[in-house]
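What follows is the residue order along each chain.
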Amino acid sequence: MKIKNFILSFIFLFFSNYQLGAEEKLIKIIGNQYVDEEVIFSIIEDKLTDYSTDNLNEVIKILYSTGNFKNIEIENLDNSIILRIKENPPIKKITFTGNKRFKKDEIFEIFNKKKYFQTFNKSYVDNFILDLKSLYSSYGFNLVKIEYDIVKNSNSNNLVDLIFNVDEGSIS
């Protein structure tokens, strides 16, 4: 009988310690203006498996991969996790200058505007430029040069405009 009580006590203590270690922490998100908390939670909910440094770093990588964030910091406190984020600014207006072969409407019929330009993300914009240069090359414009400027939108402090300067060169 004593052995049975000992085993039951051991099992109870083991599982109660396991449960205490598995307590969930409150997750607070600070700094989001455009990306809803629900969206952020949906991105990280399956990825936040524990509160180890490795797992939290993985969560940061996953959030960065969305292209929506400029800076992400995680603070792991006793009872909570604080996500401090700084979002990339949304793009209000896109303008092209110097483009004769492809007009803006044609460019956005070929390239998915949402893929590249929901928020300003340098990597996405650089990829767009590479893809646009490839399109120009396929039509013989092999020396096309494309640069861009970022301008704060005059109607809002948080929005930016992109101005693409295209030098098509000549067909070669």
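Each remark here, short or long, concerns the structure printed above.
Residues numbered from 1 in each chain as written. Predicted model: local features only at pLDDT ≥ 70, side-chain atom pairs only at ≥ 80, totals over all residues. Heavy atoms only, no water.

Participant: So what's going on with helix α3 (residues 53–65)? Residues and values would help.
Facilitator: Three- or four-residue spacings in an α-helix give side chains the same orientation, since the helix completes a turn every 3.6 residues. In this model α3 runs 18 Å from its N-terminal to its C-terminal C-alpha over 13 residues, within 8% of the 18 Å that 1.5 Å per residue would give. Inspection of α3 places Asn55, Leu56, Val59, Ile60, Ile62 and Leu63 among the buried residues, and these make up the whole buried set. Taken down its axis, α3 places every buried residue within 165° of arc, on the same side. For α3, exposure combined with an orientation more than 90 degrees from the buried face picks out Thr53, Asp54, Lys61 and Ser65. The inward-facing, buried residues of α3 abut α2 (37–44), β2 (69–76) and β3 (80–87). Immediately downstream of α3, the backbone of Gly67 shows phi near 80°, a positive value. (Helix = DSSP H or I, 4+ residues; strand = E, 2+ residues; numbered from the N terminus. Expected span 1.5 Å × (residues − 1). Buried < 20%, exposed > 50% of the residue type's maximum accessible area, 1.4 Å probe, protein only. Arc of directions from axis to C-beta. Contact = heavy atoms within 4.5 Å.)

Participant: Any details on the nonpolar core? Residues and values, ideally.
Facilitator: Membership of the largest hydrophobic core comes to 24 residues, with the highest contact counts inside it found for Phe96, Phe117, Phe128, Leu132 and Phe164. If you tally residues by element for this core, the top one is helix α6 (residues 122–138), at six residues. If we skip the residues at most four places from it in the chain, Phe117 touches Ile91, Ile94, Phe108, Val125, Phe128, Leu162 and Phe164. The next biggest cluster of nonpolar side chains, apart from the first, holds 14 residues, and it includes Val35, Leu63, Phe69 and Ile81. (Core = buried A, V, L, I, M, F, W, Y, C linked by side-chain atoms within 4.5 Å.)

Participant: Residues and numbers for α6, please.
Facilitator: Its 17 residues place the ends of α6 24 Å apart at the C-alpha level, agreeing with the 24 Å of an ideal helix rising 1.5 Å per residue. Listed in full, the buried residues belonging to α6 are Val125, Phe128, Ile129, Leu132, Leu135 and Tyr136. Around the axis of α6, the buried residues are gathered within 120° of arc, so they sit on the same side. Structural note: α6 exposes Leu130 and Ser138 on the side pointing more than 90 degrees away from its buried face. For α6, the secondary structure elements touched by its buried residues are β4 (91–97), α4 (104–110), α5 (113–117), β5 (145–152) and β6 (160–167). Residue Asn121 occupies the N-cap position of α6, its side-chain oxygen lying 2.9 Å from the main-chain nitrogen of Ser123. Of the residues trailing α6, Gly140 is marked for its positive phi of about 90°. (Polar contact = N/O pair within 3.5 Å; in protein donor to acceptor, adjacent residues only side chain to side chain.)

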